[in-house]
Amino acid sequence: MRVIAGEAKGRTLVVPRGGGTRSATDRIRETLFAIVEPQLEGARVLDLFAGAGTLGIEALSRGAARATFVERGAEAVKALRRNLATTKFDERSEVVVANVLAYLGARPRGQFDIVFCDPPFADVGVAEATLGHEGLRSAVAPAGLLVARAHGKHVPAVPDFLDVARVKEIGEEKLLFLRYIDPTAGG
């Protein structure tokens, strides 16, 4: 697996041993970043269920200012740290070794412009709990974008306070592009 574009283009990324994670393929990343590219310059990115960090690293390579990676698997964290060192993005990154829901429960510091949410496909309950978590809602900047990756057979229910701005199907996967609905907006 390699970084597709930007300042770290072509750098090889390692994947965790044991098969406990599934990195986003080139096709998924190309499609996702073609859509979010206009919002990346200077963005603060949160990569939940980060695995080896392929989404957050691609964002950094394409102009994001900072990225916070949240991952609890020991092998995935080793691969993630190695990938950040290889791409020289470790200075612009924070790695949080934690369960995503516990991390969100502790109210993340700062506001994020783009959030990647890539939980295990079959664990729809965790995906729904993450998308509906008040800690995530408070961590996303006004007009921020939340991108959830799901398998077509395991699409989480989207909470009422999130607007589905776009759905992109790629093979058996779906990318959900979500924005929080402003409760103060008239209607």
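Residues numbered from 1 in each chain as written. Predicted model: local features only at pLDDT ≥ 70, side-chain atom pairs only at ≥ 80, totals over all residues. Heavy atoms only, no water.

## Structural notes on the layout of surface pockets
Empty space within the second largest pocket amounts to approximately 250 Å³. What lines the second largest pocket is a set of 14 residues, and nearest its centre among them are Thr-68, Glu-94, Arg-109, Gly-110 and Phe-112. The element best represented in the lining of the second largest pocket is strand E2 (residues 66-71), accounting for three residues. The residue inventory of the lining of the second largest pocket, partitioned by class, reads six nonpolar, three polar and five charged. (1 Å grid on protein atoms, 1.4 Å probe; cavity = no way out; pocket = protein on both sides within 12 Å on 5 of 7 lines; lining within 4 Å. Points joined across faces, edges and corners; volume = space filled by probe spheres on them. Helix = DSSP H or I, 4+ residues; strand = E, 2+ residues; numbered from the N terminus. Nonpolar A, V, L, I, M, F, W, Y, C, P; charged D, E, K, R; others polar.)

## Focus on unusual backbone geometry
Backbone geometry places Phe-49, a non-glycine residue, at a positive phi of 55°. Tracing the chain through its elements places Phe-49 in the loop between strand E1 (44-48) and helix H2 (54-61). A positive phi angle is found at Ala-143, which is not glycine, with a value near 70°. Classification of Ala-143 as exposed rests on a relative accessible area of 66%. (Buried < 20%, exposed > 50% of the residue type's maximum accessible area, 1.4 Å probe, protein only.)

## A look at empty space enclosed by the protein
Considering all chains together, one arrives at one cavity of 30 Å³ or more under this definition. Of the pockets and cavities examined, the largest cavity occupies roughly 70 Å³. Surrounding the largest cavity, 13 residues form its lining, Pro-119, Ala-127, Arg-149, Ala-150 and Pro-156 being those nearest its centre. At the level of elements, helix H5 (124-131) and strand E5 (140-151) are the ones that each hand at least two residues to the lining of the largest cavity. Here the element with the most residues in the lining of the largest cavity is E5; it accounts for four residues. Looking at side-chain class alone, the lining of the largest cavity contains ten nonpolar, two polar and one charged residues.

## Thoughts on the pattern of salt bridges
Tallying each qualifying case throughout the model produces ten salt bridges. Note that Arg-29 is salt-bridged to Glu-58, the shortest N-O span being 3.2 Å. Here Arg-29, found in helix H1 (residues 26-36), pairs with Glu-58, found in helix H2; they are 29 residues apart in sequence, far enough to count as distant. A relative accessible area of 0% places Arg-29 in the buried class. The class of Glu-58 is buried, set by a relative accessible area of 1%. Put simply, Lys-78 and Glu-75 hold a salt bridge, and the shortest N to O gap is 3.3 Å. Taken together, the residues Lys-78 and Glu-75, both in helix H3 (residues 74-87) and three residues apart, mark about one turn of the helix. Connected via shared salt-bridge partners are Asp-26, Arg-29, Glu-37, Glu-58 and Arg-62. (Salt bridge = Lys/Arg side-chain N within 4 Å of Asp/Glu carboxyl O.)

## Thoughts on the packing of aromatic side chains
Counting across every chain of the model gives two aromatic pairs. Each ring, one from Phe-161 and one from Tyr-180, has its centre 6.0 Å from the other, and the planes form 10°; the classification is stacked. Of this pair, Phe-161 sits in the loop between E5 and strand E6 (162-170) while Tyr-180 sits in strand E7 (residues 173-180); the two residues are 19 residues apart in sequence, bridging distant segments of the chain. Positioned over the ring face of Phe-161 is Arg-137, at 4.3 Å from the centre of the ring. (Phe/Tyr/Trp six-rings, centres within 6.5 Å; stacked < 30°, edge-to-face > 60°. Lys NZ or Arg CZ within 6 Å of the ring centre and 35° of its normal.)

In short, the description is geometric, and any link to function would need to be established separately.
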